[in-house]
Amino acid sequence: MPGGTLQPFWGQKTFCVLTGGSQGIGRRFAIEFGRKFGKESVLLLLARNAQGLQETRAKVLEANPDITVVCIPTDLAKGGAELFRSVIINGLGEAKAAPGDFQLAFIVHNAGSLGNVGPGVAEMNDSEEWSEFLTLNITSTAVLNSEFLKVFPENSVPNRTVINITSLCAIQPFISMGQYCVSKAAREMFFKVLAEENPSLDVLSYSPGPVDTDMTVSIINNTRDAKARQIFIDMKEKKTIVTCEQTTERVMQVLSNKKYKSGQRVDYFDEGY
């Protein structure tokens, strides 16, 4: 197994960075992951919404008062290596901890945006819009990941796990969702290469399924693809859409079972994991 893990994933003394932790899937991840972290673990929550982060923090500490939750409001799209490294170091500092104090270094790349779902890709000629979108969804992820691994290099902790939250859009094209598809496909390949280059890392791209979040509402309201809009409307009305609780339970099961190969994608609906 990557990192030589012999003990259960949950229950370890963990330092976890979670992006997009102020709402939706990210908030549920924070609560349920935090509930399972070992005593004196540290959960560092990053997002732009300071109030949302504090609300998440309160819920995490209610679930597990034996861990430290640090909230640092951060605009990932405007960050660089120096900022991201300082954010991680500050998280350690607030907890009065050092990288070597932990059994598991864990980062969850959950933050991202849907992009412009109005026009088709042939119509998208705004280079500034493209640059801003790709900076948030690809560049910032790569740079934050790099700084995290510099703070927690190989052999600094027994285990290191990296999760990329991906989508069916990474492997299947959807009308009017070109930007989103591009970003998810690029991120998946980035993390596949990361796994190949770093055999000691445990890397997972998890596709949470069609989850009932604000992003789903945005697709319904803004997509030009009537078929996609109706599919999401039907799932919401028939309550067949995946909940944040369901997909969180599933990814926790995947991490516990450890049946995936590092760098692999696992979908909410995949069996055998």
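The name recorded for the protein in an unreviewed UniProt entry is Sepiapterin reductase, from Thrips palmi. What the UniProt record of the protein gives under Sequence similarities (unreviewed entry) is the line "Belongs to the sepiapterin reductase family."

I'd like a description of the nonpolar core, backed by residues and values.
Phe-33, Leu-43, Phe-106 and Val-108 are the most contacted members of the largest nonpolar core, which has 35 residues in total. Beyond its immediate chain neighbours, meaning those up to four positions away, Phe-33 contacts Trp-10, Phe-106, Val-108, Thr-248, Val-251 and Met-252. Core analysis: the second largest hydrophobic core is formed by 29 residues, Leu-76, Ala-111, Val-162 and Leu-201 among them.

Residues and numbers for the state of the cysteines, please.
Inspection of the entire model under this criterion finds zero disulfides. Among the cysteines around Cys-71, which has no disulfide bond, Cys-16 carries the closest sulfur, lying 12 Å off. A relative accessible area of 15% means that Cys-71 is categorised as buried. In this model Cys-244 remains outside any disulfide bridge; the closest cysteine sulfur is found in Cys-16, 17 Å from its own. Judged by relative accessible area, Cys-244 falls into the buried class, the value being 13%.

Explain unusual backbone geometry residue by residue, including any values.
At Glu-40, a residue that is not glycine, the phi angle is positive and equals roughly 70 degrees. You can see Glu-40 is positioned in the loop between α1 (24–36) and β2 (42–47). Positive phi outside glycine occurs at Lys-96, with the angle close to 55 degrees. Among the secondary structure elements, Lys-96 is positioned in the loop between α3 (81–94) and β4 (104–109). With relative accessibility at 77%, the residue Lys-96 sits in the exposed group.

Any details on the pairing of strand β3 (residues 68–73)? Residues and values, ideally.
Consecutive side chains along a regular strand alternate between the two faces of the sheet. With six bridges connecting them, β2 and β3 associate as parallel partners. Note on β3: the bridge partner recorded for Ala-47 is Pro-73.

Account for the packing of α3 against helix α4 (residues 127–151), naming residues and giving values.
It is the contact of α3 with α4, at a shortest axis distance of 9 Å, that shows an interaxial angle of 45 degrees. When the axis of α3 is compared with that of α4, the two are oblique. The handedness of the crossing between α3 and α4 is right-handed. Every residue of α4 that contacts α3 at Ala-81, Phe-84, Arg-85, Ile-88, Ile-89 and Leu-92 is listed here: Ser-140, Val-143, Leu-144, Glu-147, Phe-148, Lys-150 and Val-151. Residues of the contact of α3 with α4, tallied by class, amount to nine nonpolar, one polar and three charged.

Explain the pattern of salt bridges residue by residue, including any values.
Scanning the model with the defined rule gives 11 salt bridges in all. Residue Arg-265 is joined to Glu-188 by a salt bridge in which the shortest nitrogen-to-oxygen separation is 2.3 Å. In this pair, Arg-265 is assigned in strand β7 (residues 264–267) and Glu-188 in helix α5 (residues 178–197), connecting sequence segments 77 residues apart. We note that Arg-265, like Glu-188, is buried.

Describe the side chain of Thr-223, with residues and values.
Relative to the helices and strands, Thr-223 is located in the loop between α6 (214–222) and α7 (226–238). Judged by relative accessible area, which is 2%, Thr-223 ranks as buried. If sequence neighbours within four positions are ignored, Thr-223 has contacts with Val-117, Ile-175, Ser-176, Ser-218 and Arg-229.

Criteria and thresholds
- Residues numbered from 1 in each chain as written.
- Predicted model: local features only at pLDDT ≥ 70, side-chain atom pairs only at ≥ 80, totals over all residues.
- Heavy atoms only, no water.
- UniProt positions renumbered as here; feature names shortened; annotations may be inferred.
- Core = buried A, V, L, I, M, F, W, Y, C linked by side-chain atoms within 4.5 Å.
- Buried < 20%, exposed > 50% of the residue type's maximum accessible area, 1.4 Å probe, protein only.
- Contact = heavy atoms within 4.5 Å.
- Disulfide = S-S within 2.5 Å.
- Helix = DSSP H or I, 4+ residues; strand = E, 2+ residues; numbered from the N terminus.
- Pairing = 2+ DSSP bridges.
- Axes fitted to C-alpha atoms, helices over the stretch in contact; angles between N-to-C directions.
- Parallel < 35°, antiparallel > 145°, perpendicular 65-115°, else oblique.
- Left-handed = near helix turned anticlockwise from the far one by under 90°.
- Nonpolar A, V, L, I, M, F, W, Y, C, P; charged D, E, K, R; others polar.
- Salt bridge = Lys/Arg side-chain N within 4 Å of Asp/Glu carboxyl O.

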